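A look at the structure
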Amino acid sequence: MITNLTDVLQDAARNHYAVAGVVCLGWEDMRAYARAAQAEGRPLILQAGPGCRKHTPLPILGAMMCHVADSVSVPVVVHLDHSRSIDECRAGLAAGFTGLMFDGSHLPLLENIAQTRAVVELAQGLKVGVEGEIGQVGYAAGAASLGTNAEEAQLFAQRTGVDAMAVSIGNVHLQSDSVTLLDEDLLRQIEALTDVPLVIHGGSGVDPKQRAELGRSSGICKYNIGTELRREFGRELRLILAEHPERFDRNEIFSDLEDRMVEVARRMLRSL
């Protein structure tokens with residue numbers, strides 16, 4: 001049941017839970033994640049990030065994700081993740097995406113506000129929610145993080161009108177071990193100044209206990225989950241090939257893999 005980002009996150013905020021924004025790379029994993037959400041009776045956000053878009057054209061991804069979303073009865077958002085241009089956001093709207101994430105975190109504050117506001121205005125009237133980012137979430141083996149300033153987050157939320165705000169409070173992209181502890185003092189400072197639903201990128205690396213607790217007790221309404229699912233995808237694929245070395249048919253191999261990833265994703269959804 002395809003829906004928009006705003007409705008899903010507002011419901012999460014009202015009812016004190018967090019939604020998984022799952023990073024997708026292809027047909028089998030996005031379908032597995034939707035099947036898992038259906039089995040668990042939970043909403044889901046299917047995300048097409050830069051890595052996914054590098055290999056599959058945006059209109060194809062939009063059509064695939066919309067088809068998958070409409071194949072289940074739970075709410076599913078089709079989300080464009082980490083876009084850095086208004087033109088790409090416009091293309092995402094044309095492709096059927098119901099959530100847009102404009103990442104202006106690398107820009108000076110006022111330019112980030114201006115460009116994010118332009119995306120919000122583009123999406124208004126189309127029932128498409130917009131996520132922005134304030135502060136910079138770094139990478140485990142790359143760029144360093146720049147923590148979110150609470151006063152700047154308040155200004156950003158007020159001037160952009162975003163439906164969701166990604167913040168940097170200790171979270172890191174592409175972290176393969178779940179050892180990060182989020183800065184709860186900074187989180188509370190941000191919450192005191194804005195009531196916009198908050199998003200944690202790099203959710204795979206957050207301590208599982210804290211991730212679950214903050215999903216129930218804070219303004220965090222969305223965790224982006226990519227690395228832990230990709231890691232399990234690779235592990236299960238290697239197991240299948242080791243168990244059945246005679247197999248060569250892609251459809252046969254990936255059919256088994258999809259079934260296994262449904263169970264992996266169900267466990268992840270229950271952990272939020």
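Below is a short write-up of the structure. (Residues numbered from 1 in each chain as written. Predicted model: local features only at pLDDT ≥ 70, side-chain atom pairs only at ≥ 80, totals over all residues. Heavy atoms only, no water.)

Details of the overall build of the protein chain
Where we set the bar: To qualify as a helix, a DSSP run of H or I must reach at least 4 residues; to qualify as a strand, a run of E must reach at least 2; elements of each kind are numbered from the N terminus. Throughout, radius of gyration means the C-alpha value; the globule benchmark is 2.2 Å times the number of residues raised to the power 0.38. Three exposure classes are used, based on accessible area relative to the maximum for each residue type with a 1.4 Å probe and protein chains only: buried under 20%, partly exposed in between, and exposed over 50%. Should any heavy atoms of two residues lie within 4.5 Å, those residues are considered in contact. The Shrake-Rupley method, run with a 1.4 Å probe sphere, supplies the accessible areas, and residue values consider only the shown protein chains as cover. His residues and chain termini do not enter the charge count, which takes Lys and Arg as positive and Asp and Glu as negative. For this purpose, a charge sits on NZ of Lys, CZ of Arg, CG of Asp or CD of Glu.
Across its full length, the protein chain carries eleven helices and nine strands. Here the protein chain has a C-alpha radius of gyration of 18 Å; the compact-globule value for 272 residues is 19 Å, and the two agree. With the principal axes as the frame, the protein chain shows a C-alpha extent of 60 × 40 × 35 Å. Within the protein chain, buried positions represent 54% of all 272 residues. By sequence separation, contacts in the protein chain at least 24 residues apart represent 70% of the contacts at least 6 residues apart. A total accessible area of about 11,600 Å² is found for the protein chain, and carbon and sulfur atoms account for 52% of it. Between the centroid of the 26 positive side chains of the protein chain and the centroid of its 36 negative side chains there is a distance of 3 Å.

Here's the deal with the nonpolar core
Stated precisely, the cut-off is as follows: Only buried Ala, Val, Leu, Ile, Met, Phe, Trp, Tyr and Cys residues count toward a nonpolar core, and they belong to the same one when joined by side-chain atoms within 4.5 Å.
Residues Tyr-33, Leu-46, Phe-97 and Met-165 are the most contacted members of the largest nonpolar core, which totals 72 residues. Among the elements that line this core, the one with the most residues is helix α11 (residues 250–271), at nine residues. Sequence-distant contacts of Tyr-33, defined by excluding residues within four places in its chain, comprise Val-22, Val-23, Cys-24, Leu-44, Leu-46, Leu-229, Met-261 and Ala-265. In terms of nonpolar packing, the next biggest core, distinct from the first, is built from eleven residues, Leu-5, Val-8, Ala-12 and Val-77 among them.

Let's talk about unusual backbone geometry
Despite not being glycine, His-16 shows a phi value in the positive range, around 60°. Relative to the elements of secondary structure, His-16 occurs in the loop between α1 (5–15) and β2 (19–24). Look at Lys-127: it is not a glycine, yet its phi comes out positive at around 55°. By the element assignment, Lys-127 lies in the loop between α6 (109–123) and β6 (129–134). Among the residues examined, Lys-127 registers a relative accessible area of 70% and is labelled exposed.

Comments concerning the environment of Gly-203
Turning to its location among the elements, Gly-203 is positioned in the loop between β8 (198–200) and α9 (208–217). In this structure the C-alpha to C-alpha distance between Gly-203 and Gly-226, which are 23 residues apart in sequence, comes to 7.8 Å. In this structure Gly-203 touches Arg-211, Tyr-223, Asn-224 and Ile-225, once residues within four positions along its chain are discounted.

Considerations on the packing of aromatic side chains
Let me state the cut-off plainly: Two rings from Phe, Tyr or Trp (for Trp, the six-membered ring) form a pair when their centres are within 6.5 Å of each other. A pair whose planes differ by under 30 degrees is stacked, one over 60 is edge-to-face, and the rest are tilted.
Taken as a whole and assessed by the stated rule, the structure comprises one aromatic pair. Here the aromatic rings of Phe-233 and Phe-254 are separated by 6.2 Å at their centres, their planes lie at 50°, and the arrangement is tilted. With Phe-233 in helix α10 (residues 227–243) and Phe-254 in helix α11, the pair connects residues that are 21 residues apart, well separated along the chain. Neither Phe-233 nor Phe-254 differs from the other in exposure class; each is buried.

Description of the packing of helix α2 (residues 27–40) against α11
The line we're drawing: Helix axes use the C-alpha atoms of the stretch in contact, all axes being lines fitted to C-alpha atoms, and the angles between their N-to-C directions lie in the range 0 to 180 degrees. Any angle between 65 and 115 degrees counts as roughly perpendicular, while under 35 counts as roughly parallel, over 145 as roughly antiparallel, and the rest as oblique. For any helix crossing, the convention is left-handed if the near helix is rotated counterclockwise from the far helix by under a right angle, and right-handed if that rotation is clockwise. All amino acids are sorted into three groups, where Ala, Val, Leu, Ile, Met, Phe, Trp, Tyr, Cys and Pro are nonpolar, Asp, Glu, Lys and Arg are charged, and the leftover types, Gly among them, are polar.
With their axes 8 Å apart at the nearest point, α2 and α11 run at an angle of 45° to one another. By the criterion of interaxial angle, the relationship of α2 to α11 is oblique. Between α2 and α11 lies a crossing of right-handed hand. Contact with α2, carried on its side by Glu-28, Arg-31, Ala-32, Tyr-33, Arg-35, Ala-36, Ala-37, Ala-39 and Glu-40, involves Arg-250, Phe-254, Glu-258, Asp-259, Met-261, Val-262, Ala-265, Arg-266, Leu-269 and Arg-270 of α11 and no other residues of that element. Within the contact of α2 with α11, the residues separate by chemical class into ten nonpolar, no polar and nine charged.

Observations concerning helix α8 (residues 184–193)
This is how it is decided: Think of it as the arc spanned by the lines of direction from the helix axis to the C-beta atoms.
Three or more residues of α8 are buried, namely Leu-186, Leu-187 and Ile-190. Viewed along the axis of α8, the buried residues span an arc of 105°, placing them on a single side of the element. The exposed residues of α8 that point more than 90 degrees off its buried face are Asp-185 and Ala-192. In this structure, the buried residues of α8 make contact with α7 (150–160), β7 (164–167), β8, α9 and β9 (220–225).

Thoughts on a negative patch on the surface
The criterion, for reference: Residues enter a patch when their relative accessible area is above 30% and they make no salt bridge; the linking distance is 9 Å between like charges and 5 Å between nonpolar side chains (Val, Leu, Ile, Met, Phe, Trp, Tyr). Any carboxyl oxygen of Asp or Glu within 4 Å of a side-chain nitrogen of Lys or Arg constitutes a salt bridge here.
Where like charges cluster on the molecular surface, the negative patch consists of Asp-183, Glu-184, Asp-185 and Glu-213. When you line up the elements, Asp-183 lands in the loop between β7 and α8. For Asp-183, a relative accessible area of 36% gives the class partly exposed.

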